[in-house]
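Chain residues, written in single-letter form:
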Amino acid sequence: MIALVLLVFLSISAPAATLRVGPSGQYTAPCAALAAANDGDVVEIDAAGVYRGDTCAIYRNNVTIRGANGRPKIDADGRNAEGKGIWVIKGNNTRVENIEFTGAAVPDRNGAAIRQEGANLTVRNCWFHDNENGILTGGSQGSEILIEYSEFGDNGYGDGYSHNMYINHVAKFTLRFSYSHHSREGHLVKSRAAENHILYNRLSDETTGTGSYEIDLPNGGKSHIIGNLIQQGPETHNGVILNYRGEGPHPDNPSTELLVVNNTFVNERAGGSSTFIRIDPSVTTPAVIRNNIFAGPGTVNTQAGSVFSENVTGTDFRFLDPANYDYRLRAGSPAVDKGADPGAPLTPGFAYVHPACGEGRQTVNTIDAGAFESGGAAFNADAPARCRKIDAGGVVNAADFSSGPVAPGSIVSIFGSNLASEAAQAEKVPLPVDLRGTSVTVDGVAAPLFYASASQINAQVPFETQPGLAAVIVNAHGIQAEAATVEIDASAPVMFVWGEGRAIVQNQDSTLNTPQNPAASGSVITAYLTGQGAVTPRVPTGGAPPKEPPLAVPVAPYSATIGGQPARVEFLGLTPELVGLLQANITVPLMSSPGDYPLIVIVGGAAARPAAVAIK
């Protein structure tokens with residue numbers, strides 16, 4: 001009896017196994033490993049493998065299925081499990097991470113990449129495309145579905161009955177930090193869950209999408225829609241963006257609480273009438289609709305008795321790049337500081353980052369209306385490693401933030417997401433190469449850091465960097481962001497500017513040069529630049545330039561013009577004790593009339609972009 005009890009105890013407490021799939025794994029196909037798995041096991045799928053036509057039902061509980069060494073692709077390739085889809089999950093508490101699914105199709109036109117029939121599913125960092133349904137769940141009372149950091153696109157048979165995702169009658173559905181787009185006639189998000197939390201996503205038809213509702217909650221339920229970018233494109237086949245309880249009440253969904261807070265709604269539907277939020281007339285509970293942007297034409301809200309406050313409507317919001325669906329706010333946007341604190345737990349703590357990522361959101365002054373806070377980016381420790389990234393073209397000179405080549409020794413700004421866990425600034429020279437766990441390398445050489453935050457790092461390009469394309473890598477607490485590249489030239493001068501392209505210039509009396517405070521002809525002005533390249537005598541990377549002669553000056557020849565006239569350069573060199581900052585002391589030539597004139601500084605044959613200086 002004792003031996004039997006011990007055997008049972010050992011079998012219960014045995015550690016979970018990891019079953020590896022791939023060219024060098026124990027199994028060549030995921031379904032073979034899933035068939036062999038026990039409750040609680042991990043199935044790890046190597047992205048190097050080819051997994052076509054590998055479809056199956058999954059019966060085990062508490063199983064984790066994850067991709068490794070990249071994102072493995074599971075292609076149905078004309079096959080299906082049980083006439084339902086690629087993976088039919090019958091076990092409970094399943095976790096699916098970092099996998100691509102495509103090709104789910106079945107005779108009844110309702111095939112799903114994942115058909116969830118058990119209870120409780122977590123999907124993280126996955127990609128679903130070109131399926132009849134991305135995810136289709138059954139009705140399982142008590143079940144909770146969490147989808148995060150995942151992308152859904154081009155799913156749907158095309159008859160309007162299949163969708164990017166379709167969540168049936170479950171207890172709770174959470175969708176966050178995900179990107180759903182281009183559904184084929186169906187909805188971007190459809191849920192019949194008793195409780196819905198749709199948070200910090202991008203739900204967009206874009207230019208060519210033919211989907212129907214962006215969000216459809218046909219039986220209502222307790223629903224919190226917070227911090228989303230929701231865009232209806234010109235080809236959408238239904239003018240309603242958010243549809244609430246359009247199919248009436250259901251006994252599994254007793255609540256009619258609808259909270260719509262800090263979303264950016266954009267309507268670009270061509271012709272016809274549009275409605276941003278449609279609430280069925282049978283709903284008597286007042287919806288709370290607060291701090292949203294409603295951009296474009298259409299009926300904003302159909303419920304007359306809703307709590308509707310601090311929302312902003314119109315057509316010109318000074319979005320950052322609306323042509324590319326970047327609806328972050330520029331300075332001066334009419335949505336900046338136009339919200340009101342909705343209070344916990346409704347105050348948005350995060351913001352969507354494309355594609356299928358998220359960052360923290362901190363309120364600056366008064367909370368902005370919409371899904372994004374101007375200047376409020378913060379770190380998101382939960383995000384996958386791929387969400388710690390440098391923006392495309394995000395390594396720029398720090399003088400005017402314009403793109404183009406940079407030079408050894410110059411100051412650059414690196415823009416991105418989740419680049420540092422907290423804001424930190426260098427306190428002394430020589431500059432550190434690590435600021436509270438964040439570091440940067442340029443072609444493998446550590447770059448000195450002036451400042452680091454979640455969305456911006458200011459650094460010096462090491463003097464050792466050679467001309468050509470250089471790899472820039474940010475490392476935050478041991479997690480490396482994907483490398484960016486920047487072009488390095490021997491010299492690439494850029495002037496520091498303020499306002500609309502005005503050079504930061506001190507007049508001879510040390511006051512700031514402005515149209516109201518111009519410089520006199522014959523006086524000496526001081527302009528500030530970065531990007532001169534190599535200097536003599538040599539200054540160590542991150543070190544302070546000398547304050548006593550010989551001062552550090554560019555190795556390359558230099559000159560300047562004001563208004564097209566040659567201007568004598570009295571001194572051009574690194575500002576003593578300030579890392580990477582070049583100053584040019586220039587005598588103003590005699591000008592024909594007062595006004596603004598373009599100042600140009602040339603170093604090593606490379607001309608800085610013109611910037612205005614006021615001359616009297």
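Residues numbered from 1 in each chain as written. Predicted model: local features only at pLDDT ≥ 70, side-chain atom pairs only at ≥ 80, totals over all residues. Heavy atoms only, no water.

A. Representation of the overall build of the protein within the structure. Along the protein, the regular secondary structure elements total 2 helices and 62 strands. Out of the 616 residues belonging to the protein, those deemed buried represent 55%. Counting contacts in the protein only where the partners sit at least 6 residues apart, residues at least 24 apart contribute 64% of the total. If you sum the accessible surface of the protein, you get close to 24,500 Å²; carbon and sulfur atoms cover 52% of it. Side chains of the protein give 40 positive and 57 negative charges; the mean places of these two sets differ by 2 Å. (Helix = DSSP H or I, 4+ residues; strand = E, 2+ residues; numbered from the N terminus. Buried < 20%, exposed > 50% of the residue type's maximum accessible area, 1.4 Å probe, protein only. Contact = heavy atoms within 4.5 Å. Areas by Shrake-Rupley, 256 points an atom, 1.4 Å probe, with all protein chains shown as cover. Lys, Arg positive; Asp, Glu negative; His and termini not counted. Charge placed at Lys NZ, Arg CZ, Asp CG, Glu CD.)

B. Structural context of the packing of aromatic side chains. Scanning the model with the defined rule gives 14 aromatic pairs in all. Geometrically, the ring pair formed by Phe177 and Phe350 is edge-to-face, given 5.5 Å between the ring centres and 80° between the ring planes. With Phe177 in the loop between strand E17 (170–176) and strand E18 (179–181) and Phe350 in strand E36 (residues 350–353), the pair connects residues that are 173 residues apart, well separated along the chain. On the basis of relative accessibility, which here comes to 30%, the residue Phe350 falls in the partly exposed class. Judged by centre distance (6.2 Å) and plane angle (20°), the ring pair of Phe294 and Phe308 falls under stacked. Taken as a pair, Phe294 in strand E30 (residues 293–295) and Phe308 in strand E32 (residues 307–309) lie far apart in primary sequence, 14 residues in all. For Phe294, a relative accessible area of 1% translates into the label buried. What makes Phe308 partly exposed here is its relative accessible area of 38%. (Phe/Tyr/Trp six-rings, centres within 6.5 Å; stacked < 30°, edge-to-face > 60°.)

C. Just the nonpolar core, in detail. Counting residues in hydrophobic clusters, the biggest one holds 60 residues, and the most contacted among them are Ile65, Trp87, Val96, Phe101 and Ile147. Among the nonpolar cores identified, the runner-up in size contains 30 residues, and Ala503, Val505, Val535 and Leu599 belong to it. (Core = buried A, V, L, I, M, F, W, Y, C linked by side-chain atoms within 4.5 Å.)

D. Summary view of unusual backbone geometry. Each neighbour pair has its own omega, and for Ala344 with Pro345 the value is 0°, a cis peptide bond. Put simply, Thr536 and Pro537 share a cis peptide bond, and its omega is -5°. Tracing the sequence through the fold places Pro537 in the loop between strand E54 (535–536) and strand E55 (553–554). Non-glycine residue Phe401 carries a positive phi angle of around 65°. Within the secondary structure, Phe401 sits in the loop between strand E39 (389–397) and strand E40 (411–417). Even without being glycine, Arg436 reaches a positive phi, approximately 50°. Looking at the element boundaries, Arg436 is found in the loop between strand E41 (424–425) and strand E42 (438–442).

E. Summary view of the pattern of salt bridges. Scanning the entire structure with this criterion turns up 24 salt bridges. The partner of Glu422 in a salt bridge is Arg436, with the nearest N and O atoms 3.2 Å apart. Placement of the pair is Glu422 in the loop between E40 and E41 and Arg436 in the loop between E41 and E42, with a sequence separation of 14 residues. Three or more residues are tied together by salt bridges with common partners; here these are Glu82, Lys84, Lys90 and Glu117. (Salt bridge = Lys/Arg side-chain N within 4 Å of Asp/Glu carboxyl O.)

F. Expanded view of the sheet that holds strand E45 (residues 456–460). A sheet is described by the order of its strands in space; here 5 strands give the open sequence E39-E40-E45-E44-E41, paired in antiparallel fashion. Since the sheet does not close on itself, it has two edges, and those belong to E39 and E41, each with one partner. Both E40 and E45 contribute to a ladder of 5 bridges, which runs antiparallel. When the bridges of E45 are listed, Ile414 appears paired with Ile457. (Pairing = 2+ DSSP bridges.)

G. Molecular detail of the sheet that holds strand E37 (residues 357–361). With respect to topology, 3 strands assemble into an open sheet ordered E36-E37-E38, the strand pairing being antiparallel. Bordering the open sheet on either side are E36 and strand E38 (377–378), each of which pairs with just one other strand. In terms of strand pairing, E36 meets E37 through 4 bridges, oriented antiparallel. Within E37, the residue paired with Tyr352 across the bridge is Gly358.

H. Representation of the side chain of Asn196 within the structure. The topology assignment puts Asn196 in strand E20 (residues 195–199). Once residues within four sequence positions are removed from consideration, Asn196 is found in contact with Phe173, Ser191, Leu217, Gly220, Lys222, Ser223 and His224.

Structural measurements only, silent on function.
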